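Next come the chains, spelled out residue by residue.
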Number of protein chains: 2
Amino acid sequence: MKKQDKYVKAKIISIGDELLIGQVVNTNASWLGHILTVNGIEVISIIAVGDGEDDIMKALESNSDVDIVLMTGGLGPTADDITKPTLCKFFNTELIQNEDALNNVREIFKLRGYPMSERNVQQSFIPKSCTYIPNRFGTAPCMWFEKNATVYVSMPGVPFEMKSVFETEILRRLLSRFKVTPYISKVVMTVGVGESFLADRLKDWEEKLPDFLSLAYLPQYGMVRLRLEGRHEDKELLHSTVDREIEKLRAIIPDNIFGFDDMSIAEVVIEMLKKENKTVSTAESCTGGAIARMITGIPGCSAVYRGSVVSYATDVKESVLSVEHQDIVKFSVVSKEVVEQMAKGVKELLHTDYALATTGIAGPDGGTEMTPLGTVWIAVATPDGIISQRHNFGKERDNNIQRACIVALEMLRQCLRKK
Amino acid sequence: MKKQDKYVKAKIISIGDELLIGQVVNTNASWLGHILTVNGIEVISIIAVGDGEDDIMKALESNSDVDIVLMTGGLGPTADDITKPTLCKFFNTELIQNEDALNNVREIFKLRGYPMSERNVQQSFIPKSCTYIPNRFGTAPCMWFEKNATVYVSMPGVPFEMKSVFETEILRRLLSRFKVTPYISKVVMTVGVGESFLADRLKDWEEKLPDFLSLAYLPQYGMVRLRLEGRHEDKELLHSTVDREIEKLRAIIPDNIFGFDDMSIAEVVIEMLKKENKTVSTAESCTGGAIARMITGIPGCSAVYRGSVVSYATDVKESVLSVEHQDIVKFSVVSKEVVEQMAKGVKELLHTDYALATTGIAGPDGGTEMTPLGTVWIAVATPDGIISQRHNFGKERDNNIQRACIVALEMLRQCLRKK
């Protein structure tokens, strides 16, 4: 390990003018920071630089204090002219065509059914001194260099390509190249209680945590993720201590923990339904398909999820979901009566055991004195009846939609828990 | 201006362990990058470092190439112990209590109705050599230093505090301290042609761009954003040149430009439908509500969007969307026949002028020899008939879903253009 420090250290270099001018937020670096950390590699800095040779050279120099330098970006068919020659200059080598890289580009174009251009052929040229690492997810190559005992990896900047290639190829190579100090991070997913109140309830427990463990609070859309983390040479002790502390935590907030390690609440609900061999459908107005999107984002959901009616127009609630016209007139479209009929309607239409429904005023405009902007009615229909709740999540449209989805799924989770 | 370069240059230093471990995405830096750029200040790098003295010292050193260093973070009541003493060390000064800072902290606590703690009193101690800049939005002070003709500004890390103090206090001080060169950036949104082919078609135009303008390609889910940007002392010339070049660009790829400045394709389609006074609905299988989510994420969509049937289960395609059972058996659920009937079915069910439908194998599993994993059929029903296309977007579920949505919306846009 570099310097006198005992942990393996990494630096992330993000290349792209779009990061400097604020057009793109550097989510690649956060993602890498997270995955490196949980794998025992300490990130000591993240630097974003422009697409120029000088900028990239400057970022490549002075990395004697780290074991690993991860670079993202600057490798598209149109950006190629700068990053690869700069890498050649820094590593004192030249570009040559790589057969594996060429075959990879060919295969991707064959699959997509598009013709290849000369620019794409150019993508198969890589610095002679590097190890080519296949990127099955795009045409940009991945490149591994070593210089003065520091490993440099250059990856594409398109997030899904970078993540895929890092997870499937890079990470295991780094872990076999360096001996890392065991690190553990356990994320406890909670819902239904705000950050401050959670902190008060966990204060005593948190204060008694062993020195090598620390806790962080990450609130997001009505959920709070709790990250318990630490490093210790004795891996077994580390794991058993975390397990014991999680059990203590579970005893303090049994109703609010819905899962671990960034599992989504949709995933949890799907698993519960699978176990019960039950199905669900959704009828969405203000959430506009967002619950369906959360559920169908999860592979295998088709075993329990039958579909959704996004009844955005009021009369669709009547014609497709059989909501009574007179109830819409009498109670308004954002009401207990309407949301319950929506849930009942979609449950019957799609022949499911459970159903979720939402109706509300997402914003940024709308609302009345009776039903102010941000009001959302949410219902869950179960084999035994219908439960509904009224919420107000504020004026910001996207926040409002996201929070309504989480509450709806949490209401279903609570119903399934009681089974 | 520093070095031989004629533009005012800035570096952003973001302080906080949470940035390195991926707990928080560095949106502060993107926000600053954007506001500095549009105000004519060139950001040459963004560096994120941890909460340690060594990390911060290292980031503060070697800034002789920039005119401005903006620091965010490390100034909360609990983080104070590190950043301010480090600033004292770097600027060779000492902490003293500042009356204005103390009054500011007092006022904020009075307003909130909370008692002040000793930690909050400590927040009014700032380095002697700095200029105190009031932060009306929080208890952390803002500090302005100068060293070797470089300006250093230390700001709080809480996003809304940082943004408020930057907009109300810092920006105007920077603009009166430095003479900036006017800057312009125009983003052209394109769809339907890949990055390589786009680059080939734009090559001649791009080569003839005036020296003070540059072009960048930003691909994302089947779209490519083109950013044309530049700096020039003559602001009027700069703007008229960009307008003229955009017109030339429009003549080269008239079919592919759908909007400007990060407008989404869903927004464009909604605007077109509004103008025509037409409505649309969606029937989604593999995209599972994602098209509905994109459309309903946009305020005001209810004028044209009536709803969606997410027919995830096969029999829902029959029972709700009236797809013929025998066609599903004969052609399979991922077929031209089924997607066209889905589009027709939802168009009739929800009484709309247009309808979009998708059916496919999103992944990560599934697929047959005839219909491999990643295959998606997309249809658009119009008042005049139905158009459908077969695509394959690869094996990655989320990428597949996103791309199918973009293509579906683009197919609708092309139909609306021909009206």
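Keep in mind that what you see is a predicted model, and the values were worked out from it rather than measured.

1. As for the packing of helix α8 (residues 195–207) of chain A against helix α9 (residues 235–252) of chain A
All names here are of chain A. Where α8 meets α9, the closest approach of the two axes is 11 Å, and the angle between their N-to-C directions is 150 degrees. Put simply, α8 runs roughly antiparallel to α9. Judged by the twist between their axes, the crossing of α8 over α9 is right-handed. From α8, Arg201, Leu202 and Trp205 reach across to α9, where they touch Glu245, Lys248, Leu249 and Ile252.

2. Digging into the sheet that holds strand β11 (residues 223–231) of chain B
Residue and element names in this part refer to chain B. Sheet architecture is open: four strands sit in the order β10-β11-β9-β12, paired in antiparallel fashion. Each edge of the sheet is formed by a strand with only one pairing partner; in this case those strands are β10 (213–220) and β12 (257–260). If you compare each strand with its neighbour and ignore which way they point, the axes differ by 25 degrees on average. Relative to β12, strand β9 (residues 183–191) runs antiparallel, the two sharing three bridges. Looking at the pairing, Met189 lines up with Gly259 of β12. With respect to the sheet, helix α8 (residues 195–207) is in contact with β9, β10 and β11, its orientation differing from that of β10 by roughly 170 degrees. On the sheet, helix α9 (residues 235–252) packs against β9, β10, β11 and β12 and is oriented at approximately 15 degrees with respect to β9.

3. Some words on the sheet that holds strand β17 (residues 385–392) of chain A
Taken in spatial order, the 10 strands make up an open sheet running β17(A)-β16(A)-β15(A)-β13(A)-β14(A)-β14(B)-β13(B)-β15(B)-β16(B)-β17(B), and their pairing is mixed. Bordering the open sheet on either side are β17 of chain A together with β17 (385–392) of chain B, each of which pairs with just one other strand. Put simply, the sheet's adjacent strands are angled 10 degrees from each other on average, direction ignored. The pairing of strand β13 (residues 280–284) of chain B with strand β15 (residues 354–360) of chain B spans five bridges and is classified as parallel. Bridged to Glu284 of chain B within β15 of chain B is Thr358 of chain B. Each of β13 (280–284), β14 (305–311), β15 (354–360), β16 (375–382) and β17 of chain A is contacted by helix α14 (residues 336–349) of chain A, which is oriented at about 145 degrees to β15 of chain A, the strand it contacts most. Contacting β13, β15, β16 and β17 of chain A, helix α15 (residues 397–417) of chain A crosses the sheet at an angle of about 25 degrees to β16 of chain A.

4. Regarding the pattern of salt bridges
A side chain of one charge can pair with a side chain of the opposite charge when the charged atoms of the two come close. What the rule picks out here adds up to 40 salt bridges over all chains. Put simply, Asp261 of chain B and Lys186 of chain B hold a salt bridge, and the shortest N to O gap is 3.6 Å. Remark: Lys186 of chain B occurs in strand β9 and Asp261 of chain B occurs in the loop between β12 and α10 (265–276); sequence separation between them is 75 residues. Exposure remark for Asp261 of chain B: the relative accessible area of 42% places this residue in the partly exposed category. For Lys186 of chain B, a relative accessible area of 26% puts it in the partly exposed group. Shared partners join several salt bridges into a network, and the residues in it are Glu169, Arg172 and Arg173 of chain A.

5. As for unusual backbone geometry
All names here are of chain B. One non-glycine residue, Asn92, lies in positive phi territory at about 55 degrees. Looking at where Asn92 falls in the secondary structure, it is placed in the loop between α4 (80–91) and β4 (95–97). According to the relative accessible area criterion, Asn92 is exposed, its value standing at 72%. The backbone of Asn277 sits at a positive phi, close to 60 degrees, despite the residue not being glycine. Structurally, Asn277 can be placed in the loop between α10 and β13.

6. Section: the packing of α10 of chain B against helix α15 (residues 397–417) of chain B
Geometrically, a packed helix pair is captured by the angle between its two axes and the distance between the axes. Residues and elements named next belong to chain B. One can describe the packing of α10 onto α15 by two numbers: an axis separation of 10 Å at closest approach and a directional angle of 30 degrees. The angle between α10 and α15 falls in the class roughly parallel. Between α10 and α15 lies a crossing of left-handed hand. Counted together, Ile265, Ala266, Val268, Val269, Met272 and Leu273 of α10 and Ile406, Leu409, Glu410, Leu412, Arg413, Leu416 and Arg417 of α15 form the full contact between these two elements. Per-class residue counts for the contact of α10 with α15 are 10 nonpolar, no polar and three charged.

7. Topic: the interface of chain B and chain A
With 71 residues of chain B at the contact, the number on the chain A side is 72 residues. Of the roughly 5,600 Å² buried at the junction of chain B and chain A (both faces included), carbon and sulfur atoms supply 55%. Counting across the chain B and chain A interface gives seven salt bridges. Measuring nitrogen to oxygen at the nearest pair gives 2.4 Å for the salt bridge that ties Lys58 of chain B to Asp65 of chain A. Here chain B is connected to chain A by 28 residue pairs in polar contact (both at pLDDT 80 or more). Here the residues of the side of chain B that touches chain A sort into 33 nonpolar, 23 polar and 15 charged. Bridge count for strand β2 (residues 42–49) of chain A against strand β2 (residues 42–49) of chain B is five bridges, and the pairing is antiparallel.

8. Remarks on helix α3 (residues 53–60) of chain A
Residue and element names in this part refer to chain A. All of the buried residues in α3 are Ile56, Met57, Ala59 and Leu60. Take α3 and look down its axis: the buried residues cluster within an arc of 165 degrees, on one side only. Positive phi shows up at Ser62, right after α3, with a value of about 55 degrees.

9. Section: the nonpolar core
If you look at the biggest cluster of nonpolar residues, it comprises 48 residues, and the most contacted ones within it are Ile13, Leu60 and Met71 of chain A together with Ile13, Leu60 and Met71 of chain B. Val338 of chain A together with Val316, Val320 and Val323 of chain B belong to the second largest nonpolar core, which has 44 residues in total.

10. With respect to the domain arrangement of chain A
Along its sequence, chain A is carved into domain 1 (2–177), domain 2 (183–260) and domain 3 (265–417). Just the C-alpha atoms count here: the centres of domain 1 of chain A and domain 3 of chain A sit 43 Å apart.

11. Quick look at the packing of aromatic side chains
One pass over the full model with this rule turns up 12 aromatic pairs over all chains. A ring pair is formed by Phe90 of chain B and Phe91 of chain B, whose centres lie 4.8 Å apart and whose planes are at 80 degrees; its orientation type is edge-to-face. When its relative accessible area of 10% is taken as the criterion, Phe90 of chain B is described as buried. Where Phe91 of chain B meets Tyr152 of chain B, the ring centres are 5.2 Å apart and the plane angle is 80 degrees; that geometry is what we call edge-to-face. Note that Phe91 of chain B is positioned in helix α4 and Tyr152 of chain B in strand β8 (residues 150–155), a separation of 61 residues in sequence. Each member of the pair, Phe91 of chain B together with Tyr152 of chain B, is buried. In this structure an aromatic cluster arises from ring pairing among Phe90, Phe91, Phe145 and Tyr152 of chain A. We note Arg177 of chain B situated over the ring of Phe178 of chain B; from NZ or CZ to the ring centre the distance is 4.7 Å.

Parameters and conventions
- Residues numbered from 1 in each chain as written.
- Chains lettered and ligands numbered in written order.
- Predicted model: local features only at pLDDT ≥ 70, side-chain atom pairs only at ≥ 80, totals over all residues.
- Heavy atoms only, no water.
- Axes fitted to C-alpha atoms, helices over the stretch in contact; angles between N-to-C directions.
- Helix = DSSP H or I, 4+ residues; strand = E, 2+ residues; numbered from the N terminus.
- Parallel < 35°, antiparallel > 145°, perpendicular 65-115°, else oblique.
- Left-handed = near helix turned anticlockwise from the far one by under 90°.
- Contact = heavy atoms within 4.5 Å.
- Pairing = 2+ DSSP bridges.
- Salt bridge = Lys/Arg side-chain N within 4 Å of Asp/Glu carboxyl O.
- Buried < 20%, exposed > 50% of the residue type's maximum accessible area, 1.4 Å probe, protein only.
- Nonpolar A, V, L, I, M, F, W, Y, C, P; charged D, E, K, R; others polar.
- Buried area = accessible area lost by both parts, 1.4 Å probe.
- Polar contact = N/O pair within 3.5 Å; in protein donor to acceptor, adjacent residues only side chain to side chain.
- Arc of directions from axis to C-beta.
- Core = buried A, V, L, I, M, F, W, Y, C linked by side-chain atoms within 4.5 Å.
- Domains from an automatic or database assignment.
- Phe/Tyr/Trp six-rings, centres within 6.5 Å; stacked < 30°, edge-to-face > 60°.
- Lys NZ or Arg CZ within 6 Å of the ring centre and 35° of its normal.

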